[in-house]
Amino acid sequence: QQQVRQSPQSLTVWEGETAILNCSYENSAFDYFPWYQQFPGEGPALLIAIRSVSDKKEDGRFTIFFNKREKKLSLHITDSQPGDSATYFCAASGLSGGSNYKLTFGKGTLLTVTP
Amino acid sequence: EAAVTQSPRNKVTVTGGNVTLSCRQTNSHNYMYWYRQDTGHGLRLIHYSYGAGNLQIGDVPDGYKATRTTQEDFFLLLELASPSQTSLYFCASSGGGAEQFFGPGTRLTVL
């Protein structure tokens, strides 16, 4: 059973466009949602995260929009740059429940930004 | 910033072989994790630990053992390696908050 789903599997945008990466989850106990960025040959690194008490989290060109009722969230990357080309993982954790400190990851979205 | 190192970075073994992957973190983090990453599957948790001598079962533990010898060191053991365990393995650590810091990965090939 896949608890965190991501779409699309891959996405190509032109430099300067907004890339939208989608994520959905099934477990209502999840209340913390980090996005990790991974470049080839490296381990994933935390990019931005949101808690379920918020519906939006912004950090520069990266914004998470969160819809708790629909169990959906999305990562928007505005003014996309070639350096943003990477794999993005949506993850989820239930910090307030019994699954503290465990992250469940989606399968990832491969983003390519074309100059 | 968190520092997590893994060794070896690449490993080739044969079916039935014995493999140990090593991970060290120098941040005094309590939590350490082992994941495998496969195309089409993302990151899947194998085992994790919240301190020396502690071991918790992850989501895909079959065929793997792990041991946390110190706060810094976490090992993943494959005692009878199989081709299905060919994968990219990541170690991560966490200080108890939700952010995990990942190592650079070990690519394991089982022939």
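See the structure printed just above.
Keep in mind that this is a model prediction, so the values were computed, not measured. (Residues numbered from 1 in each chain as written. Chains lettered and ligands numbered in written order. Predicted model: local features only at pLDDT ≥ 70, side-chain atom pairs only at ≥ 80, totals over all residues. Heavy atoms only, no water.)

As for the packing of aromatic side chains
All names here are of chain B. What counts is decided by this rule: Note on aromatic pairs: the rings of Phe, Tyr and Trp (six-membered ring only in Trp) are paired at centre separations within 6.5 Å, and the planes decide the class, stacked below 30 degrees, edge-to-face beyond 60, tilted for the rest. For every residue, the accessible area (1.4 Å probe, protein chains only) is compared with the maximum for its type, and the residue is labelled buried under 20%, exposed over 50%, or partly exposed between those bounds.
One pass over the structure, following the stated rule, counts 17 aromatic pairs over all chains. Ring centres of Tyr31 and Tyr33 lie 6.4 Å apart, and the angle between their planes is 20 degrees; this geometry places the pair in the stacked category. The same class applies to Tyr31 as to Tyr33, namely buried. Ring geometry for Trp34 and Phe74: centres 6.4 Å apart, planes at 40 degrees, overall tilted.

Some points on the state of the cysteines
Note the cut-off: Here, the term disulfide refers to a pair of cysteine sulfur atoms separated by no more than 2.5 Å. The way it works is that DSSP assigns letters per residue, a run of H or I at least four long becomes a helix, a run of E at least two long becomes a strand, and they are numbered from the N terminus.
Applying the stated criterion across every chain yields a total of 2 disulfides over all chains. The partner cysteine of Cys23 of chain A in its disulfide is Cys90 of chain A, sulfur to sulfur 2.0 Å. Taking the torsion about the S-S bond as the criterion, the Cys23 of chain A to Cys90 of chain A disulfide, at about -70 degrees, is left-handed. Note that Cys23 of chain A is positioned in strand β3 (residues 19–25) and Cys90 of chain A in strand β9 (residues 86–92), a separation of 67 residues in sequence. Side by side, Cys23 of chain A and Cys90 of chain A carry an identical accessibility label, which is buried. The disulfide partner of Cys23 of chain B is Cys91 of chain B, and the S-S distance across this bridge is 1.9 Å. The S-S bond linking Cys23 of chain B to Cys91 of chain B shows a torsion near -75 degrees; that makes this disulfide left-handed. Taken as a pair, Cys23 of chain B in strand β3 (residues 19–25) and Cys91 of chain B in strand β9 (residues 87–94) lie far apart in primary sequence, 68 residues in all.

Details of the interface of chain B and chain A
Selection criterion: Contact between two residues is taken to exist if any of their heavy atoms lie within 4.5 Å; hydrogens are not considered. By buried area we mean how much accessible surface two parts lose on assembly, using a 1.4 Å probe and totalling the loss over both. A pairing counts as a salt bridge when a side-chain nitrogen of Lys or Arg comes within 4 Å of a carboxyl oxygen of Asp or Glu. For the purposes of these results, a polar contact is taken to be a pair of N or O atoms within 3.5 Å, where, inside protein, one atom must be able to donate a hydrogen and its partner to accept one; residues adjacent in sequence count only when each atom of the pair is a side-chain atom. Charged residues are taken to be Asp, Glu, Lys and Arg, nonpolar residues to be Ala, Val, Leu, Ile, Met, Phe, Trp, Tyr, Cys and Pro, and polar residues to be all remaining types, Gly included.
At the interface, 21 residues of chain B touch 16 residues of chain A. Overall, the association of chain B and chain A removes approximately 1,600 Å² of surface from exposure, summing both partners, and the carbon and sulfur fraction of that is 57%. Considering only the side of chain B, the residues that lose the most area to chain A are Leu43, Ala98 and Phe102 of chain B, jointly responsible for 30% of the buried surface there. On inspection of chain B and its partner chain A, the count reaches 1 salt bridge. For Asp59 of chain B, the salt bridge goes to Lys102 of chain A, with nearest N and O atoms at 3.3 Å. Here chain B is connected to chain A by 4 residue pairs in polar contact (both at pLDDT 80 or more). For the side of chain B that touches chain A, the elements supplying multiple residues, two or more each, are β4 (31–38) and β5 (42–49) of chain B. Considered class by class, the residues forming the side of chain B that touches chain A number 10 nonpolar, 8 polar and 3 charged.

Looking at unusual backbone geometry
In this chain, Ser7 of chain A is followed by Pro8 of chain A through a cis amide linkage whose omega measures -10 degrees. Summarising the element assignment, Pro8 of chain A is placed in the loop between β1 (4–7) and β2 (10–14). The omega angle of the peptide bond from Ser7 of chain B to Pro8 of chain B is -10 degrees, so this bond is cis rather than trans.

Digging into the sheet that holds strand β6 (residues 56–59) of chain A
All names here are of chain A. Under the convention used in this document: The rule for pairing is simple: two strands pair if DSSP sees at least two bridges between them. Geometry is summarised by axes, namely lines fitted to C-alpha atoms with helices restricted to the contacting stretch, and by angles between N-to-C directions that run from 0 to 180 degrees.
Strand order across the open sheet formed by 5 strands is β1-β3-β8-β7-β6, with antiparallel pairing between neighbours. Whereas interior strands pair on both sides, the edge strands pair on one side only; in this sheet they are β1 and β6. Going from strand to strand, the sheet's axes swing by 15 degrees on average, the running direction of each strand aside. Inspection of the sheet shows β3 paired to strand β8 (residues 72–77) by 6 bridges, in the antiparallel sense. If you follow Ser24 over to β8, its bridge partner there is Lys72.

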